[in-house]
Amino acid sequence: MKQAKNKWQWLPKSKITNENVTAREKWLGYLAGPAGALLLNAVLASYLNVYYTDVLKLTGIWGGAFLALFPIVSKVIDAVTNVIMGQIIDRTRTGQGKARPWLLLSAPLVAITGILLFTVPNAGQTVQVLWVMLSYNLFYSFALTIYNMSHGLMVPLSTRNTEQRGSLSVFNNVASVMISGIIVALIFPMVVLPAIGVDKAKWITVMAVISLLALPLTLLEYYFTRERITEETADSAEEKLSIAAQLKAVLTDRYWVVIVLYFLIYTFGANVKNMSLVYYCNYVLGTYNDGITQTLVSVIGGIPMGIGIFAVWPLAKKFGKRNVTAVGFVLYVIGGLVCLLDPKNMTVVLIGQFIKNIGGLPCAYVFAALMADVLDHMEWKCGHRVDGFSASMQSIIITVCAGLSGGLFNLLLSRAGYVAPELIGGETVAAVQNAATQNVIVGCFLGVEILTGVILIVLLLFLNVEKVIHKEQAEIKARQKRQ
């Protein structure tokens, strides 16, 4: 093979020099490092639309069509940039890896564009609309795409050691769970939102702090991660497959197809559940914005996730990642069925949610490790890695599911006769929803994930890549030595 010229000599070197994964790598690179960008993304996912409707008061623009249409158009743009970024990563060759350089670039971009989302000028309607559209796409279709694509490949490219890779997957997901389960679901609605209200200046200050926090933490992720797998061929020029060739390779491999379908179905079910959570707590399980119901449901969801860091990986090492995940989904389905026994009874629902979230632990913590096994298998099969292509597919799934689940949920609510709350005498007065609407909400919050859980159990029966991965990794190393 021809020697590859490194044009990226200026890149700062990783602080990780050990050939094996270290504690410093786990805690700084995979737990603390991603926390900043994950926090910003989680807060935006829950509250950016509140800023648009309640603070900027954009609801009436174009007869209400603006806030309905521009996110959909933006998701199309986002899907395209995901594909492009995946190909860019696959064609990047540096001494510091192919994904980590883009992680470094994303650090200032995420911080700057995060602030731009909120600094909408006090100007005419046209200027505000243009600013919102431009800032939204600069963040989601550009900056966050670069971060998500590179961040998502850190575990698969970290090492070929399946045990160490699994441990990194756990730490990587702990950061996400802590952010979404504690800060965004509990602290933000209980402490931050009451303090900032609809004061635009306070919103800008809070979101600027969160955005700027992402900068040093993402740099931490860059410095304390390492692409050991990419380094194996860092000195050789590898011929890159075209998109058509990559597509043919992955679609003819059952492991890749199964894990992508798995990710699609799980993401869709989780999105529908998350979309309906507030409505379920407001209109079925509790009363409108009582502050207690959603907190209890969130806490019950967070407790098992905290336990999971100590329990999941030892079980996965002993019984296999696929097997533990499948058993988890059995509990997942059982927990949902318990909730359905009496979806208006707090005690029954909390018991069911606890069982359900215990079952969801393996999926949350070991998916990245399973995906890494599949990517190694693809390298063994076709002689080329398809990391960027696979990362872009995951990002597209996340993007599509977000739009599809939201559209489906809103359509079902509308058809069932949902009545929005009104402001009367300065107080919010919520209507009692009819039986059809409550059934839609219960079906979305509980029923969809029961169905997707059953499908995922069946899919996992075909994902036995762990049986062959060690042999295939040995053959990959032997192939590299011959070259």
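None of the values given here were measured: they were computed from a predicted structure. (Residues numbered from 1 in each chain as written. Predicted model: local features only at pLDDT ≥ 70, side-chain atom pairs only at ≥ 80, totals over all residues. Heavy atoms only, no water.)

Describing the overall build of the protein chain
Scanning the protein chain from N- to C-terminus turns up 17 helices and two strands. Burial statistics for the protein chain: of 483 residues in total, 51% are counted as buried. Counting only contacts in the protein chain whose residues sit at least 6 apart along the sequence, the fraction spanning at least 24 positions is 84%. (Helix = DSSP H or I, 4+ residues; strand = E, 2+ residues; numbered from the N terminus. Buried < 20%, exposed > 50% of the residue type's maximum accessible area, 1.4 Å probe, protein only. Contact = heavy atoms within 4.5 Å.)

Observations concerning the confidence of the model for the protein chain
When pLDDT is averaged across the protein chain, the result is 84; 87% of the residues are at 70 or more. Contacts for the low-pLDDT stretch residues 1–5, under 50 throughout, to residues beyond four places or in other chains number 13 contacts. (pLDDT = per-residue confidence, 0-100.)

Side note on the nonpolar core
The biggest cluster of nonpolar side chains holds 65 residues, and the ones touching the most others in it are Leu44 and Tyr52. Formed by 29 residues, the second largest nonpolar core is a distinct cluster that contains Phe329, Leu370, Leu375 and Met378. (Core = buried A, V, L, I, M, F, W, Y, C linked by side-chain atoms within 4.5 Å.)

Looking at a nonpolar patch on the surface
Judged by side-chain polarity, Val76, Val80, Ile84 and Ile88 come together as a nonpolar surface patch covering roughly 330 Å² of accessible area. Residue placement: Ile84 occurs in helix H3 (residues 65–90). (Patch = residues over 30% accessible without salt bridge, like charges linked within 9 Å, V, L, I, M, F, W, Y side chains within 5 Å. Areas by Shrake-Rupley, 256 points an atom, 1.4 Å probe, with all protein chains shown as cover. Salt bridge = Lys/Arg side-chain N within 4 Å of Asp/Glu carboxyl O.)

Overview of helix H9 (residues 243–251)
Each α-helix turn comprises 3.6 residues. Residues three or four places apart therefore point the same way. Along H9, the residues that are buried comprise Gln246, Ala249 and Val250. Burial along H9 is one-sided: seen end-on, the buried residues are contained in an arc of 90 degrees. Away from its buried face, by an angle of more than 90 degrees, H9 presents the exposed residues Ala244, Lys248 and Leu251. (Arc of directions from axis to C-beta.)

Considering the packing of helix H12 (residues 321–341) against helix H14 (residues 361–382)
Where H12 contacts H14, the axes come no closer than 10 Å and their chain directions differ by 145 degrees. For H12 against H14, the interelement crossing comes out left-handed. Taken together, the residues of H14 that come into contact with H12 (itself represented by Lys321, Arg322, Val324, Thr325, Gly328 and Phe329) are Pro362, Cys363, Val366, Ala369, Leu370 and Asp373. Of the residues contributing to the contact of H12 with H14, the split by class is seven nonpolar, two polar and three charged. (Axes fitted to C-alpha atoms, helices over the stretch in contact; angles between N-to-C directions. Left-handed = near helix turned anticlockwise from the far one by under 90°. Nonpolar A, V, L, I, M, F, W, Y, C, P; charged D, E, K, R; others polar.)

Structural notes on the pattern of salt bridges
The full count for this structure, using the stated rule, is 18 salt bridges. Linking Glu379 and Arg385 is a salt bridge whose minimum nitrogen-to-oxygen distance equals 2.6 Å. Each member of the pair Glu379 and Arg385 is classed as buried.

Focus: helix H7 (residues 200–223)
Taking 1.5 Å per residue as the helical rise, H7 with its 24 residues ought to reach 34 Å, and the 35 Å between its terminal C-alpha atoms agrees with that figure. Here H7 has its buried residues at Lys200, Trp203, Met207, Ala208, Ile210, Ser211, Ala214, Leu217, Thr218, Glu221 and Tyr222. Taking the backbone nitrogen of Ala201 as reference, a side-chain oxygen 3.0 Å away marks Asp199 as the first, capping residue of H7. (Expected span 1.5 Å × (residues − 1). Polar contact = N/O pair within 3.5 Å; in protein donor to acceptor, adjacent residues only side chain to side chain.)

Describing the side chain of Ser211
With respect to the helices and strands, Ser211 occurs in helix H7. On the accessibility criterion, Ser211 (0% relative accessible area) is buried.

Quick word on the environment of Ser242
Relative to the assigned elements, Ser242 resides in the loop between helix H8 (228–231) and H9. Overall, the relative accessible area of 39% leaves Ser242 in the partly exposed class. In this structure the C-alpha to C-alpha distance between Ser242 and Gln87, which are 155 residues apart in sequence, comes to 9.0 Å.

Description of the side chain of Thr92
Examined against the element boundaries, Thr92 turns out to sit in the loop between H3 and helix H4 (100–116). A polar contact of 2.7 Å, which involves the side chain of Thr92, links it to the backbone oxygen of Ile88. When near neighbours in sequence (up to four residues on either side) are disregarded, Thr92 contacts Trp8, Gly97, Lys98 and Trp102.

A few points about the environment of Val120
In this fold, Val120 is placed in the loop between H4 and helix H5 (125–152). Relative accessible area serves as the criterion here: at 2%, Val120 is assigned to the buried category. Placed 68 residues apart in sequence, Val120 and Tyr52 show a C-alpha to C-alpha distance of 10.0 Å. Apart from the residues within four sequence positions on either side, Val120 is in contact with Leu56, Gln128, Trp131, Val132 and Lys200.

Section: the packing of aromatic side chains
Applying the stated criterion across every chain yields a total of twelve aromatic pairs. With a centroid separation of 5.1 Å and an interplanar angle of 80 degrees, the aromatic rings of Trp27 and Phe171 are classed as edge-to-face. Highlighted residues: Trp27 in helix H1 (residues 23–32) and Phe171 in helix H6 (residues 162–196), separated in sequence by 144 residues. Its relative accessible area of 10% is what places Phe171 among the buried residues. Each ring, one from Tyr262 and one from Phe367, has its centre 5.7 Å from the other, and the planes form 5 degrees; the classification is stacked. Residue Tyr262 is found in helix H10 (residues 254–285), and its partner Phe367 is found in helix H14; the two are separated by 105 residues along the sequence. Each residue in the set Tyr262, Phe263, Tyr266, Phe329, Tyr332 and Phe367 is aromatic and connected to the rest through ring pairs, giving one cluster. Cation over ring: Arg100 sits above Tyr222, and NZ or CZ is 4.2 Å from the ring centre. The ring of Phe445 carries Lys356 above its face, with NZ or CZ at 5.9 Å from the centroid. (Phe/Tyr/Trp six-rings, centres within 6.5 Å; stacked < 30°, edge-to-face > 60°. Lys NZ or Arg CZ within 6 Å of the ring centre and 35° of its normal.)

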